[in-house]
Amino acid sequence: MTLLRDEIAVVGIANGPFGSFPEYDDYAQMAIAFKAALDDAGLEKNQIDGLITHRLGLYTRAAEVLGINPDYAVPLLRHGRMSGVAIQNGVAALLTGQAKYVALVYGNNGRSVRDLYGGGGGLWAPFGMSSPGAEHALLYERYRQKYAVTPEKLATVSLTLREHARLNPEAVMQKPLTLDDYMNARFIVEPLRLFDYCLINDGAVVMILTTKDRAKDLKQPPVYISGVSTATDLANVSTPPRGYWREAMAHNAERVYPMAGIDREDLSGLMIYDNFAPNILYSLEGYGFCKEGEAPDFIQGGRIALGGDLPVNTSGGHLSESYMQGWALNTEAVRQLRHQCGKRQIKDAKAIQYICSAAICSSIIYRR
Amino acid sequence: MSVAPLLPTITDENRPFWDAARAGRFRMQRCSHCATLRPSPSDICPHCLSEEFAWVDLSGRGAVSSWCVYHRAFHPAFKERVPYTILQVDLDEGVRFVAPLAGGGVRPLKLGMRVRVVFEEAAEDVVLPVFALEEDVV
């Protein structure tokens, strides 16, 4: 296994504001964040010779808006699982010398255009079955029947993340969330309630990667990408997955920890793709933090809260910061490892793992 | 005022499925080489990549392996139907299929409940295979 540690670093990051910005399109929001990420890194625009675009409709328009001619240019589809793929590709491009400084750029105007995530498309739409939330509802109903999970136990995910968001001035949700609020909220697709769903917003996130030698000359303390792995469950993608992507997650776990040269107990925290609250349970089990069916108990007692053994989504995540399709979780990992998180800083953070569990499962380990 | 139903997009690949449903039959593609059934229609077998296949009648029987209840319509066509239940069914032939609970609405359900396919008219000339609980079928 190649030890990736210290080879590739994140040197510039920026989150655009998250919310409702109909006055800017997604490219403009991305460009504003791009400029902020260059400033963060201490780089000039024309040093960027690698560009990976995500969600934005056209990589051509993205490069035109930024006014750059990168040697390496890759567009990725709008699926949220592509954020991990983008980072994996950035690492590969740098390791093989395709580029010196790779910008990963993401823009989202889902709120302004009223992105519904469901309705007309897909094999099951005429049956009345569409939307990622309903796919997760099917997954979770089976899970909660099998392991007799109460809604109060699942609520711990949303309540914990809301408390984290309240320590993050960039988070969209700042109001306290009580168990009563959670339980009394309407079902969207039952068994999932309103607060089990992520927040659709406008926003942008940019990350700039480079090699370890180049990283040393830049403004910020480098945060290293120590491990990166993807595995898929795509062959039966139109039918609900049978195993909660556990095989793909286990495959990632076999690779990503040895690649980083660390194990689970060395992690200071986790950033888990929380498009829907139960996905955090599957991810904790899939990567071996607890056994199958144990996650609803594992997360109780403050374990995944700041100050607990294994803080999860310290920014508030997709449930309470904003749904930025994994990106703002990755920049949060970098901020935690730069020790720039203020009131929500994980004390002495040394290593953070990003996990996205979907038809493409991805995981990244960051170290300082 | 009634809203237009959400009609399936009929393609050359899936037309036999919808034609069969209209005739009260629940059919699926089966590879003629390795016998793999495919719920998502395709010209090619995803198991052995053979191009040879036939549309075969299925028993329409299976067991509930999960369900969910829509309280919100993601498409206007379903606005008057919420709340409605979607069943995930593991068919006796070994493949998974997703379709609404017959008659709509919400019922107490359990994993493993036996169901069978019945047919409901969604629009003129469009018939949907849906799942009825065995206990309801005389």
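Conventions used here
- Sequence order as written defines residue numbering, which begins from 1 separately in each chain.
- Note on labels: chains are lettered from A, ligands numbered from 1, in written order.
- With pLDDT at 70 or above as the cut-off, local features in this predicted model cover only qualifying residues; side-chain atom pairs require 80 or more to be listed or tallied, and sums for whole chains, interfaces and linings still use all residues.
- Side-chain measures here rest on the full set of heavy atoms in the structure, leaving out hydrogens and waters.
- Each patch groups residues whose relative accessible area exceeds 30% and which form no salt bridge, using 9 Å between like charges and 5 Å between nonpolar side chains of Val, Leu, Ile, Met, Phe, Trp and Tyr.
- With residues, only the protein chains shown are counted as cover, and all accessible areas are computed by Shrake-Rupley using a 1.4 Å probe.
- Whenever a carboxyl oxygen of Asp or Glu lies within 4 Å of a side-chain nitrogen of Lys or Arg, that contact is scored as a salt bridge.
- Counting rule applied: Lys, Arg positive; Asp, Glu negative; His and chain ends not counted.
- Note on charges: their place is set at NZ of Lys, CZ of Arg, CG of Asp or CD of Glu.
- Here a strand is any run of E in DSSP of at least two residues, a helix any run of H or I of at least four, and the numbering for each starts at the N terminus.
- Relative accessibility decides the category of a residue: with a 1.4 Å probe and only protein chains considered, values under 20% of the type maximum give buried, values over 50% give exposed, and everything between is partly exposed.
- Any two residues whose heavy atoms approach within 4.5 Å are treated as being in contact.
- Scored from 0 to 100, pLDDT records how confident the predictor is in each individual residue.
- Note on terms: buried area is the combined drop in 1.4 Å-probe accessible area of two parts once they are placed together, counting the loss on both.
- N or O atoms within 3.5 Å of each other form a polar contact, as long as, within protein, one can give a hydrogen and the other can take it, and as long as residues adjacent in sequence are counted only when both atoms are side-chain atoms.
- Nonpolar residues are Ala, Val, Leu, Ile, Met, Phe, Trp, Tyr, Cys and Pro. Charged residues are Asp, Glu, Lys and Arg, and all others, Gly as well, are polar.
- By this definition, two strands are paired if DSSP reports at least two bridges between them.

Chemist: Would you explain a negative patch on the surface in this entry?
Modeler: Side chains of E13, D43, E51 and E52 of chain B sit close together on the surface and give a patch of like negative charge. The topology assignment puts D43 of chain B in the loop between β2 (37–38) and β3 (53–57).

Chemist: Would you explain the environment of C48 of chain B in this entry?
Modeler: Residues and elements named next belong to chain B. As for its position among the elements, C48 is in the loop between β2 and β3. What makes C48 partly exposed here is its relative accessible area of 27%. Here the alpha-carbon distance between C48 and T36, two residues 12 residues apart in the chain, equals 8.6 Å. Leave out the neighbours within four places in its chain, and C48 touches C31, H33 and C34.

Chemist: Please explain the pattern of salt bridges as it appears in this structure.
Modeler: A pair can form between side chains of opposite charge whenever their charged atoms are brought close. Residue and element names in this part refer to chain A. This model, assessed by the stated rule, comprises 26 salt bridges over all chains. For E292, the salt bridge goes to R246, with nearest N and O atoms at 3.4 Å. Placement of E292 in the loop between α9 (278–286) and α10 (295–298) and of R246 in helix α8 (residues 246–260) is noted, with a sequence separation of 46 residues between them. Residue classification places E292 among the partly exposed positions, given a relative accessible area of 45%. Close ionic contact of E332 with R344 constitutes a salt bridge, the shortest N to O distance being 2.8 Å. Remark: R344 occurs in the loop between α12 (327–338) and β9 (351–356) and E332 occurs in helix α12; sequence separation between them is 12 residues.

Chemist: Just checking my understanding: could you explain the confidence of the model for chain B for this structure?
Modeler: Interpreting fine coordinate detail is not advised for predicted regions of low pLDDT. Chain-level pLDDT for chain B is 94 on average; 98% of the residues reach the 70-or-more range. Model confidence for the complex is summarised by a pTM of 0.97, with the ipTM given as 0.96.

Chemist: Explain the interface of chain A and chain B here, please?
Modeler: For an interface, size is often stated in terms of accessible area lost upon the parts coming together. Tallying the contact residues gives 30 residues for chain A and 33 residues for chain B. Interface area lost by chain A to chain B is led by P126, F127 and R242 of chain A, which between them contribute 25%. Across the chain A-chain B interface, the total number found is 11 residue pairs in polar contact (both at pLDDT 80 or more). Put simply, the parts of the chain that give the side of chain A that touches chain B at least two residues each are α4 (132–147) and β5 (189–190) of chain A. When residues of the side of chain A that touches chain B are assigned to their parent elements, the largest contribution, 7 residues, is made by α4 of chain A. A per-class count over the side of chain A that touches chain B returns 16 nonpolar, 9 polar and 5 charged. As judged from the 2 bridges shared by β5 of chain A and strand β4 (residues 61–70) of chain B, these two strands associate in the antiparallel manner. The residue of β4 of chain B that forms the bridge with E190 of chain A is V69 of chain B.

Chemist: Looking at this model, I keep getting lost on the pairing of β4 of chain B. Mind explaining?
Modeler: Note on strand geometry: in a regular strand, side chains alternate between the two faces of the sheet. Residues and elements named next belong to chain B. With respect to burial, β4 is a largely interior element, 8 of its 10 residues being buried. Strand direction decides the pairing type here: β4 and strand β7 (residues 114–123), joined by 3 bridges, are antiparallel. Considered in β7, the bridge of A63 is made with R114. With 8 bridges joining them, β4 and strand β5 (residues 84–91) adopt antiparallel strand pairing. Of the residues in β5, the one forming a bridge with Y70 is Y84.

Chemist: Looking at this structure, how should I read the sheet that holds β2 of chain B?
Modeler: To summarise the sheet geometry, strands pair through backbone hydrogen bonds and adopt either a parallel or an antiparallel arrangement. Residues and elements named next belong to chain B. Pairing is antiparallel in the open sheet, where 3 strands are placed in the order β2-β1-β3. The open sheet has two edge strands with one neighbour each: β2 and β3. In this sheet, β2 lies alongside strand β1 (residues 27–31) in antiparallel orientation, the contact comprising 2 bridges. By the bridge assignment for β2, R30 is matched with L37.

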